[in-house]
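# Topology and contacts: notes
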Amino acid sequence: MELETSKPNGNKIPWLLLPEETVQNHSYEDKEIHHLMQLADADDETLDTCALEEKDIYHVMLPEMQSYNKFIHGSGHGWLIVQCISDGTMQMLNPFTNRSFDLPPVSTLPDIIDYQPDNHGNEYTLWDFHDIRSTVDRDKVHRFQVYKVIINSSPEHDIENFMAVVIFGPNQRLAFYKPGNMRWTRAGLKGGIHETRSPSEIPVGPLEPKYLIGCANGSLLMLVRYTVRKSKEDETFKFDIYELKRNRKEWSTLDNLGNYILVIGFNSSEFMCLF
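These numbers come from a predicted model, not from an experiment. (Residues numbered from 1 in each chain as written. Predicted model: local features only at pLDDT ≥ 70, side-chain atom pairs only at ≥ 80, totals over all residues. Heavy atoms only, no water.)

What follows deals with the overall build of the protein chain. Within the protein chain, the regular secondary structure consists of two helices and 21 strands. Per-residue burial for the protein chain yields a buried fraction of 35% across its 275 residues. Here the analysis covers contacts within the protein chain between residues at least 6 apart in sequence; of these, 41% occur between residues at least 24 apart. (Helix = DSSP H or I, 4+ residues; strand = E, 2+ residues; numbered from the N terminus. Buried < 20%, exposed > 50% of the residue type's maximum accessible area, 1.4 Å probe, protein only. Contact = heavy atoms within 4.5 Å.)

Printed below as a string of structure tokens:
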């Protein structure tokens, strides 16, 4: 997952969020690594990203995330969107300032009919994949109900126009939140729909996940990741990239990214210029 902070000159600094075991097991050979302070839980310690040098590697430990009880469902404008598995609460966390901003919990999503935390094993009553009333245990709902959350801005800068949108449920529907609301509100579709046909050679299946990435010029990129199941894990052996240019109806193969890179993830993907 990718985060961004900014320098005074306007340049954005990308940060890649990795599991702790990935950092511990990875060898960086001769590259110099700067292990910055471990951010405290209190609000009185912040990280000065303006002093960081380019082309260096920096590691920052995030105490708030050292738990298997947390899911990260998105990032943007310097914030992580974090969900607690045990109680379903959701909040935005700025890892560089340790400030947080609460979002409505999972129990307030539009597909949730009722939530009884003391009814062990059958805590949730909700509409399932076929829009049939169903009873589901809390752990399953908290692990699989929310797919992704995106935000339009930082709530610190423009709280009146701030909005968060969540992709939720087995049918991957949309709901939004604005400050002052106590629940997620189902989103209504407005505007036109631009229809296009997927490239015929693209395979369909769980071993070929797809990623959509919007570009600043209005184009849309689709990355197809080809994997093979080995033991209990999927190993990636190939990528294909397609581009849908603005106002076009056909995808074209993209063979070269030039000076750009793609950072992909289930929760967030970015198309960034190297220099």
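Our next topic: the pattern of salt bridges. Two side chains bearing opposite charge may form a pair once their charged atoms approach each other closely. All told, the structure shown has nine salt bridges when counted by the stated rule. Residues joined by salt bridges that share partners form a network here, namely Asp111, Asp131, Arg173 and Arg186. (Salt bridge = Lys/Arg side-chain N within 4 Å of Asp/Glu carboxyl O.)

On to the sheet that holds strand S11 (residues 133-136), then. The sheet built from three strands is open, its strands ordered S9-S10-S11 with antiparallel pairing. The sheet is open, and its two edges are formed by strand S9 (112-115) and S11, each paired on a single side. Strand-to-strand twist across the sheet, computed as the mean angle between neighbouring axes with direction ignored, equals 20°. (Pairing = 2+ DSSP bridges. Axes fitted to C-alpha atoms, helices over the stretch in contact; angles between N-to-C directions.)

With that settled, consider unusual backbone geometry. Positive phi is not limited to glycine here, since His77 has a value of about 55°. Within the secondary structure, His77 is located in the loop between strand S5 (70-76) and strand S6 (79-84).

Once that is clear, we can look at the pairing of strand S7 (residues 90-94). Judged by how many residues are buried, S7 sits mostly within the fold: four of five residues are covered. Where S6 and S7 come together, four bridges link them in antiparallel fashion. Paired with Gln83 across the bridge in S7 is Met90. Two successive antiparallel strands, S6 and S7, enclose a turn made up of five residues, where Gly88 displays a positive phi of approximately 80°. Bridging between S7 and strand S8 (residues 99-103) involves five bridges; their strand directions are antiparallel. Opposite Leu93, over in S8, you have Ser100 as the bridge partner. The antiparallel hairpin formed by S7 and S8 contains four residues in its connecting segment, where Asn98 sits at a positive phi of about 65°.

Now for the sheet that holds strand S13 (residues 164-168). Taking strand neighbours across the sheet as the criterion, the four strands line up as S12-S13-S14-S15 in an open arrangement whose pairing is antiparallel. Unpaired on one side and paired on the other, strand S12 (146-151) and strand S15 (185-186) mark the two borders of the sheet.

Once that is clear, we can look at the confidence of the model for the protein chain. Per-residue confidence for the protein chain gives a mean pLDDT of 81, with 77% of residues at or over 70. At the level of individual helices and strands, the protein chain shows its lowest average pLDDT in strand S3 (residues 33-35), which scores 51, and its highest in S9, which scores 96. Here residues 37-44 scores under 50 on pLDDT; set against residues more than four positions off or in separate chains, the count is 23 contacts. (pLDDT = per-residue confidence, 0-100.)

This brings us to the side chain of Thr108. Counting through the fold element by element, Thr108 comes out in the loop between S8 and S9. Separated by 2.8 Å, the side chain of Thr108 and the backbone oxygen of Pro105 make a polar contact. Setting aside anything within four residues of it in sequence, one finds Thr108 in contact with Met182, Arg183 and Trp184. (Polar contact = N/O pair within 3.5 Å; in protein donor to acceptor, adjacent residues only side chain to side chain.)

So, on to the pairing of S6. When you tally the buried positions in S6, you get six out of six residues, the bulk of the element. Every second residue of S6 is oriented toward a common face, with Trp79, Ile81 and Gln83 on one face and Leu80, Val82 and Cys84 on the other, all of them buried. Relative to S6, S5 runs antiparallel, the two being bridged by six bridges. Bridging from a neighbouring strand, Gly74 pairs with Ile81 of S6. With antiparallel pairing between neighbouring strands as the criterion, S5 and S6 make up a hairpin whose turn holds two residues, including His77 at a positive phi of roughly 55°.

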